[in-house]
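# Report on the structure
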Protein chains: 2
Amino acid sequence: MTNITKDTLTEAVLATIADEADPRFRKIMISLIKHMHGFVKEVDLSQDEWRTAIEFLYQTGEKTTRKRNEFILLSDTLGVTSLIDLLSGQATEGATESSVLGPFYVEGAPIIDNGGDLIGQNPGDPGVVHGRVMTADGTEIPGALLDIWQNASNGLYSVEDPDQDDNNLRCRLHADADGAYSLTTIRPMPYTVPDDGPAGVMLHAMGRHPWRPAHIHFKVTAKGYQDLVTELYPDDDRYIDEDAVFGVRDSLSVTFARNESEDDARSYGLNAPFFDLKYDFILRPA
Amino acid sequence: MTNITKDTLTEAVLATIADEADPRFRKIMISLIKHMHGFVKEVDLSQDEWRTAIEFLYQTGEKTTRKRNEFILLSDTLGVTSLIDLLSGQATEGATESSVLGPFYVEGAPIIDNGGDLIGQNPGDPGVVHGRVMTADGTEIPGALLDIWQNASNGLYSVEDPDQDDNNLRCRLHADADGAYSLTTIRPMPYTVPDDGPAGVMLHAMGRHPWRPAHIHFKVTAKGYQDLVTELYPDDDRYIDEDAVFGVRDSLSVTFARNESEDDARSYGLNAPFFDLKYDFILRPA
């Protein structure tokens, strides 16, 4: 480590990684160090800018708790979380695209009957979500478990709203022997990611807003198939093309169709008109 | 932001930065986002590895206080701090190289007479540090202020050791009208950066140790010249070629010569043999 200059330092740092280090960790650290140094050199980061960055990280740590992780929020809003989701996405042609689990998932939601209702006393636009769980070649998958959660008409998930029951607008249900599933719910709402911390400061400086388009979360599991975690977005949402966390995929942007049929409404226990979202989930073999 | 795939996402994130954003901030964010995404793609970072990274950052935030900043420690041990120091370093040929200020600097150290003593009751190897403050062409700079601090023979700086007086082994002194300075002190000791937090976990996984070679810190200021912050390292230190924070520069690795002259020793108020470090600081015009 003699002759350290701005041109030799990166190699000197890389040379400190022991040959005996875990090979995967070694590979990750080499790439990380090269990119960190590459970034600093590319922009010729000044001492003052470095201090600003350190203070930003300090504030990020200060704001972070187990319930509110500002590091995840930075990863989300810089597209890193979404990129990792895309990289790990299914290779199987025709399978449903995944999207991020997000911070509002809670295990163990109550199991309701297939065809059941999530609306309860919630205000909002009622409708039905229905379809099948199947393979890429159209074979129905019987008895898949769907875990479903969304926010209320005030834009809040039950876990962040003391005025909602803990299990409001979240449930699990089993698809039937033909893979068919159905439930009634309200239309989800766009909402903002928390912007009262460092990530909000960053978004503001970038000239960005903190809005996410409305969406319903799904986690679909069936024996013999890979778990699918995804979100469905109404394609007419105001923020469909400017999701603050880059979670929207073209194939997950779907039509919440207006159904005016009184007969259809009656069959779902709704009044016409109502939104009618039909979506088939395509799983990959395990 | 339609058609988001792993190949289009980075451009989609970059496109969110408003044209009206501060140009320098814009440039920094573009480079940061490209390098973050480039890193993730280069190593094909998995969901599990992302969770590990997020937990590492969480722990880093947890460990960080205003007195112990683990983010700075990561920057130091990954060579980023040193790289920024090198990039901002003097362009003036022949000027003394800078090195990092470090976490142990405290403003307002007591002013002692030029030729004064820092040894006091400290155990250790005594010696003298002396030389001149001058310009690159050899012109003496009169009356420069030297701020000097180092650790004790137990490896600790006074600010981290309740058993030391707050001002132990730290002082300021004015060079004379010819730019000459001199003081007696003890030889500094190698020591470890804090390795009981996330940075220590990282160093261990890389197969690295947390040791820094011994050094004396200097901040040299004179009217009409740029401030110089630097460190001098004994070139026979065990860790001279493997500084955990990459602070050593060839030109700052200096000989703590053994002086056996009884006359010289007497002139400094020391006993022979003693270490004799002669070093001239070359400042850049402001």
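Residues numbered from 1 in each chain as written. Chains lettered and ligands numbered in written order. Predicted model: local features only at pLDDT ≥ 70, side-chain atom pairs only at ≥ 80, totals over all residues.

## Some words on the overall build of chain A
Scanning chain A from N- to C-terminus turns up seven helices and 12 strands. Each of the three principal axes of chain A carries a C-alpha extent, and together these read 80 × 40 × 30 Å. Residues counted as buried form 37% of the 286 residues belonging to chain A. Across chain A, the fraction of contacts at a sequence separation of at least 24, relative to all contacts at a separation of at least 6, is 68%. (Helix = DSSP H or I, 4+ residues; strand = E, 2+ residues; numbered from the N terminus. Buried ≥ 20, exposed ≤ 12 C-beta atoms within 10 Å, placed from the backbone. Contact = placed C-beta atoms within 7 Å.)

## Concerning unusual backbone geometry
For the peptide bond that leads from A:Ala272 to A:Pro273, omega is -5°, which places it in the cis range. Positioned with a positive phi, B:Phe246 is a non-glycine residue whose angle comes to about 60°. By secondary structure assignment, the location of B:Phe246 is in the loop between strand S8 (228-234) and strand S9 (253-254). The class of B:Phe246 is buried, set by 26 C-beta atoms lying within 10 Å.

## Quick notes on the relation of the copies chain B and chain A
Overlaying chain B with chain A gives an RMSD of 0.0 Å, the required rotation being 180° about an axis along which the chain moves by 0.0 Å. Read as a symmetry element, the transformation amounts to a two-fold axis. No C-alpha of chain B approaches the rotation axis more nearly than that of B:Gly61, which lies at 2.0 Å. Comparing contact sets, 100% of the residues at the interface of chain B also lie at the interface in chain A, consistent with an isologous, same-surface contact. (Least-squares fit on C-alpha atoms with pLDDT ≥ 70 in both.)

## Description of the domain arrangement of chain A
When cut into domains, chain A gives domain 1 (1-45) and domain 2 (83-283). Centre-to-centre, using C-alpha coordinates, domain 1 of chain A lies 42 Å away from domain 2 of chain A. (Domains from an automatic or database assignment.)

## Regarding the environment of B:Asp137
Residues and elements named next belong to chain B. With respect to the secondary-structure elements, Asp 137 resides in the loop between strand S1 (126-135) and strand S2 (145-149). For Asp 137, a count of 7 C-beta atoms within 10 Å puts it in the exposed group. Counting along the chain gives 24 residues from Asp 137 to Asp 161, while the straight-line C-alpha distance between them is 42 Å.

## So, the environment of B:Lys219
All names here are of chain B. Tracing the backbone shows Lys 219 in strand S7 (residues 216-221). Residue classification places Lys 219 among the partly exposed positions, given that 18 C-beta atoms sit within 10 Å. Remark: the alpha-carbon pair of Lys 219 and Asp 195, spanning 24 residues in sequence, is separated by 27 Å. Excluding residues that lie within four positions of it along the chain, Lys 219 makes contacts with Asp 147, Asp 227 and Val 229.

## Here we look at the packing of helix H3 (residues 47-63) of chain A against helix H4 (residues 70-77) of chain B
The interhelical angle for the contact between H3(A) and H4(B), taken along N-to-C directions, is 135°, at an axis separation of 9 Å. Considering their axes alone, H3(A) and H4(B) lie oblique with respect to each other. Where H3(A) abuts H4(B), its residues A:Ile54, A:Leu57 and A:Tyr58 lie against B:Phe71, B:Ile72 and B:Ser75. For the contact of H3(A) with H4(B), the class distribution of residues is five nonpolar, one polar and no charged. (Axes fitted to C-alpha atoms, helices over the stretch in contact; angles between N-to-C directions. Parallel < 35°, antiparallel > 145°, perpendicular 65-115°, else oblique. Nonpolar A, V, L, I, M, F, W, Y, C, P; charged D, E, K, R; others polar.)

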